[in-house]
Structures are given as C-alpha cells and as structure tokens.
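# Working through the structure, step by step
As a plain string of letters, each chain reads:
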Amino acid sequence: MKIVYILRSAKYPKRLYVGLTEDLENRIKEHNRNESIYSKNYAPWNLETYIVFKENNVAMSFEKYLKSGSGFAFLKKRLLP
C-alpha cells in the first residue's frame, strides 16, 4: 500500500507539503526531526489528510498531480478545510 499525504506547517500555516510513503507514522516523524531537506525549514508539521492506494503507479500519479498547479488548486478546494 502506498500513501499520499498532505502536511501543514505549524509555524507557517500556509505552507503545505505533499508526499508519498509506505509508512506514514515514521515519515511524519522524519519530517519533524528535520530529516527531509525541503521540509526542515518549516517544521513542525501536522497531518492534514492522507489517501491510501493499492497500486503504486496510481499513488505516484496522484502525488504528481497534487504537486501540479491544477492539482494544488484541487487540493486546496476539495481536500482541505
């Protein structure tokens, strides 16, 4: 199972992070221990939502879509409060 997840920075609430993992709990801990190059400047992170996929290629495509312009607009309008 692959998980596409969305994090929000506690310090900078407008900053979001979209990622892909197989172990969500561990991955969030890594982000909050500053082990991720991109996200370390905005830690600590809170989980906003996640979607579990059976197929790896579908999860990868969805993550890529959410990181695109139209995908990010969809994310803000449909997936987050």
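Relevant structure appears above.
About the criteria used
- Residues numbered from 1 in each chain as written.
- Predicted model: local features only at pLDDT ≥ 70, side-chain atom pairs only at ≥ 80, totals over all residues.
- Heavy atoms only, no water.
- Pairing = 2+ DSSP bridges.
- Helix = DSSP H or I, 4+ residues; strand = E, 2+ residues; numbered from the N terminus.
- Axes fitted to C-alpha atoms, helices over the stretch in contact; angles between N-to-C directions.
- Contact = heavy atoms within 4.5 Å.
- Core = buried A, V, L, I, M, F, W, Y, C linked by side-chain atoms within 4.5 Å.
- Buried < 20%, exposed > 50% of the residue type's maximum accessible area, 1.4 Å probe, protein only.
- Salt bridge = Lys/Arg side-chain N within 4 Å of Asp/Glu carboxyl O.
- Phe/Tyr/Trp six-rings, centres within 6.5 Å; stacked < 30°, edge-to-face > 60°.
- Lys NZ or Arg CZ within 6 Å of the ring centre and 35° of its normal.

## A few points about the sheet that holds strand 1 (residues 2-9)
- Here three strands make up an open sheet; going across it, the order is 2-1-3 and the pairing antiparallel. Sheet topology places strand 2 (16-21) and strand 3 (45-53) at the edges, where each strand pairs with a single neighbour. Neighbour-to-neighbour, the strand axes of this sheet turn through a mean angle of 20 degrees, independent of strand direction.
- Packed on one face of the sheet, helix 3 (residues 69-79) meets strand 1, strand 2 and strand 3 and runs near 95 degrees to strand 2.

## Examining the nonpolar core
- Of all hydrophobic cores here, the largest spans 10 residues; its members are Val-4, Ile-6, Leu-16, Val-18, Phe-53, Ala-59, Phe-62, Leu-66, Leu-75 and Leu-80.
- Of all the secondary-structure elements, those providing two or more residues to this core are strand 1, strand 2 and helix 2 (56-66).
- Residue contributions to this core peak at three residues, all from helix 2.
- Membership of the second largest hydrophobic core comes to nine residues, among which are Ile-3, Tyr-5, Leu-24 and Trp-45.

## Some remarks on the pattern of salt bridges
- The full count for this structure, using the stated rule, is six salt bridges.
- A salt bridge links Lys-2 to Glu-22; its shortest N-O distance comes to 2.9 Å. Here Glu-22 lies in the loop between strand 2 and helix 1 (24-32) and Lys-2 lies in strand 1, a separation of 20 residues in the sequence.
- Glu-63 is the partner of Lys-67 in a salt bridge, and the nearest nitrogen-oxygen pair spans 3.1 Å.
- By relative accessible area, Lys-67 is classed as exposed at 52%.
- Residue classification places Glu-63 among the buried residues on the basis of a relative accessible area of 14%.

## Some remarks on the packing of aromatic side chains
- This structure, assessed with the given rule, holds nine aromatic pairs.
- Taken together, Tyr-5, Tyr-12, Tyr-17, Tyr-38, Tyr-42 and Trp-45 form an aromatic cluster joined through their ring pairs.
- Of note, Arg-15 hangs over the ring of Tyr-42, and the distance from its end group to the ring centre comes to 4.3 Å.

Treat this as a map of the structure, not an account of what it does.
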